[in-house]
Amino acid sequence: MGTIADVRPAVDDAGLSLYNLLDPEVLDNPYPLYARLRSEDPVHWDPFLHAWVVTRYDDVVHVLHKFLADRTPTPELLEAMGAPELSEIAEVMVKQMLFMDAAAHTRIRQLASYAFTPARIKVLRDHIESIAERLIVEMEAKGSFDLISDFAAPLPAIVTAEMLGVPTSDYKQLKDWSFTFSEMLGNFQHNPDRSEAVLEALRGMIRYFRNAIAVQKEYPTEGLVRSFMDAEADGDRFTEEEIVANCILTMVGGLETTTNLIGSGILTLMRHRDQYERLCQDPALIPGAVEELLRFESPSQHTARLAPADIEMGGKLIKERQAVIAVMGAANRDPERFPNPDELDFTRSPNRHVAFGWGAHFCFGAALARMEAQIAYGLLTSRFPNLRRENDDPVEWRDNLGLRGLRALPMNAGREGGLTA
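Residues numbered from 1 in each chain as written. Predicted model: local features only at pLDDT ≥ 70, side-chain atom pairs only at ≥ 80, totals over all residues. Heavy atoms only, no water.

**Q** Tell me about the environment of Ser264, and name the residues and values.
**A** Relative to the assigned elements, Ser264 resides in helix α13 (residues 240-271). Given the relative accessible area of 2%, Ser264 is considered buried. On a C-alpha basis, the gap between Ser264 and Ile148 in space is 9.5 Å, while along the polypeptide they are 116 residues apart. Of the polar contacts made by the side chain of Ser264, one reaches the backbone oxygen of Asn260; its length is 2.7 Å. (Helix = DSSP H or I, 4+ residues; strand = E, 2+ residues; numbered from the N terminus. Buried < 20%, exposed > 50% of the residue type's maximum accessible area, 1.4 Å probe, protein only. Polar contact = N/O pair within 3.5 Å; in protein donor to acceptor, adjacent residues only side chain to side chain.)

Now the structure itself:
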């Protein structure tokens, strides 16, 4: 078997650290960094993040499937880290299924499954199409528009409000809270300058969903809040705190992932103009295009787990409870799994990407995100066959290292020229 390296190898190559994503040039295109990690040190001890980083497809799948998701720091640990103000966040996160392992995760997921059924998602299709159509009409009237603020952000925000059963007129507030809160979920480092904004967003969401529960008790309507309230399995039900925590999780996950998928997907298609034109000519390619764009520019780039025991991986010894960062964005470009991974291929088969995770923690809202993206790409390609970028300014990615998305994407409907890339 050979010698297994000690807990922290001597190789402390700063050039391989994921901390390099703080460099705007690396964030703009992280895939060369991922390729270096896969080829030079696929199970890499990152001394800047105090965590292992895995980048090969098989290793990422193994970590997502077998390692521990229960990683929320305790108030005591936050105190020791010098961030006691984040205890309020930890109190909510420990009740979210994303940060649970069996049997706690199984219990929450089973209850939630009664609220998030394929039948409910199917019912939402007509609503999604009508919402997207209205946004498209408004963009048509303007000719030039920002794809993010005019379409990719409001579409999932309105849909998520509809799904939750709260007033769709609240979608801008929900999006603002989600955007702010996700700054903590996607980044490695604690930024004290942003802590207060994150806490205010969390407090606002807690108040909002507690009020939504109170309204549902008096005036029941269809939606996820009501479904969470009614869900029961073997006499077990959600507590109010669990309903609030998992409404927040559903909202943030649904808004950020889908916004990023639509925005970065259209940017990718503008950079591969021939592929955009293929979709305009053959809408039947759209489901495959969604899967390929999920692989090519994964909205969620990485997630963390804890080792359940001392484990050998890639010739390295990972100690029990050490943090491991599984880089889905790297796994989805692994040439051992995906031939010619840097090429865009809508007919790629098989295309078992890990953009939505793997195993027990496979993204709960994957079916909804896929449906929204398919509808979005379908309408954009049918209504804007000459869609172009408005200018050749460099794109600006959000400074969120894990949730990969654009700040803005100025576009032109194509009636007055524009640029192709």
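We are not done yet, so read on.
**Q** Give a detailed account of a nonpolar patch on the surface, specifying residues and quantitative values.
**A** A contiguous nonpolar patch, built from Tyr19, Leu22 and Phe48 and spanning about 270 Å² of accessible area, is present on the exposed surface. By secondary structure assignment, the location of Tyr19 is in the segment before α1 (24-28). (Patch = residues over 30% accessible without salt bridge, like charges linked within 9 Å, V, L, I, M, F, W, Y side chains within 5 Å. Areas by Shrake-Rupley, 256 points an atom, 1.4 Å probe, with all protein chains shown as cover. Salt bridge = Lys/Arg side-chain N within 4 Å of Asp/Glu carboxyl O.)

**Q** Quick one: what's the story with the sheet that holds strand β10 (residues 388-389), residue by residue and with numbers?
**A** Pairing within the open sheet is antiparallel, and its three strands lie in the order β3-β11-β10. What marks the edges here is a single partner per strand, and that holds for β3 (144-146) and β10. As paired elements, β10 and strand β11 (residues 410-412) share two bridges and run antiparallel to each other. Bridge assignment links Arg389 to a residue of β11, and that residue is Met411. (Pairing = 2+ DSSP bridges.)

**Q** Can you lay out the pairing of strand β2 (residues 51-54) for me, pointing to particular residues and giving the numbers?
**A** Residues of β2 alternate between two faces, with Ala51 and Val53 on one and Trp52 and Val54 on the opposite face, all of them buried. The sheet contact formed by strand β1 (residues 43-46) and β2 spans four bridges and is antiparallel. Each bridged residue has a counterpart across the sheet, and for Val43 the counterpart in β2 is Val54. Taking the residues that link successive antiparallel strands as the turn, the β1-β2 hairpin has four residues, and the phi of His50 there is positive, at about 55°. Across three bridges, β2 lies against strand β9 (residues 323-327) in parallel orientation. The partner of Val54 across the bridge, within β9, is Ala326.

**Q** Can you lay out the packing of aromatic side chains for me, pointing to particular residues and giving the numbers?
**A** For the structure on display, the rule yields seven aromatic pairs. Aromatic side chains Tyr31 and Tyr34 sit 5.6 Å apart centroid to centroid with 80° between the ring planes, which places their arrangement in the edge-to-face category. Taken as a pair, Tyr31 and Tyr34 lie in helix α2 (residues 31-40) at a separation of three residues, close to a single helical turn. Each member of the pair, Tyr31 together with Tyr34, is buried. A centroid spacing of 5.1 Å and a plane angle of 70° characterise the contact between Phe228 and Phe238, whose relative ring orientation is edge-to-face. Here Phe228, found in helix α12 (residues 224-230), pairs with Phe238, found in the loop between β5 (236-237) and α13; they are 10 residues apart in sequence, far enough to count as distant. The same class applies to Phe228 and to Phe238, which are both buried. Cluster of aromatic residues (ring-pair linked, three or more members): Trp177, Tyr208 and Phe209. The ring of Tyr31 carries the charged tip of Arg333 above its face, separated from the ring centre by 3.7 Å. Over the ring of Trp397 we find Arg404, and its NZ or CZ is 3.7 Å from the ring centre. (Phe/Tyr/Trp six-rings, centres within 6.5 Å; stacked < 30°, edge-to-face > 60°. Lys NZ or Arg CZ within 6 Å of the ring centre and 35° of its normal.)

**Q** Give a description of unusual backbone geometry that names residues and reports values.
**A** A negative phi angle is the norm for most residues apart from glycine, just as the trans form is the norm for most peptide bonds. Between Ser349 and the following residue, Pro350, the backbone shows a cis peptide bond with an omega angle of 0°. Structurally, Pro350 can be placed in the loop between α16 (328-331) and α17 (366-383). Of note in this structure, Arg321 is not a glycine but carries a positive phi near 75°.

**Q** Can you explain helix α15 (residues 286-296)? Please cite residues and give values.
**A** α15 sits mainly inside the fold: nine of its 11 residues count as buried. Buried positions along α15 lie against α2, α13, α14 (273-281) and α17. (Contact = heavy atoms within 4.5 Å.)

**Q** I'd like a description of the nonpolar core, backed by residues and values.
**A** In this structure, Leu18, Phe151, Leu155, Phe209 and Ile266 are the most contacted members of the largest nonpolar core, which totals 99 residues. Broken down by element, the residue count for this core peaks at 13 residues, all from α13. The contact partners of Ile266, leaving out residues within four places of it in the chain, are Leu147, Tyr377, Leu380, Leu387, Leu409 and Met411. Core analysis: the second largest hydrophobic core is formed by 21 residues, Val61, Ile318, Val324 and Ala326 among them. (Core = buried A, V, L, I, M, F, W, Y, C linked by side-chain atoms within 4.5 Å.)

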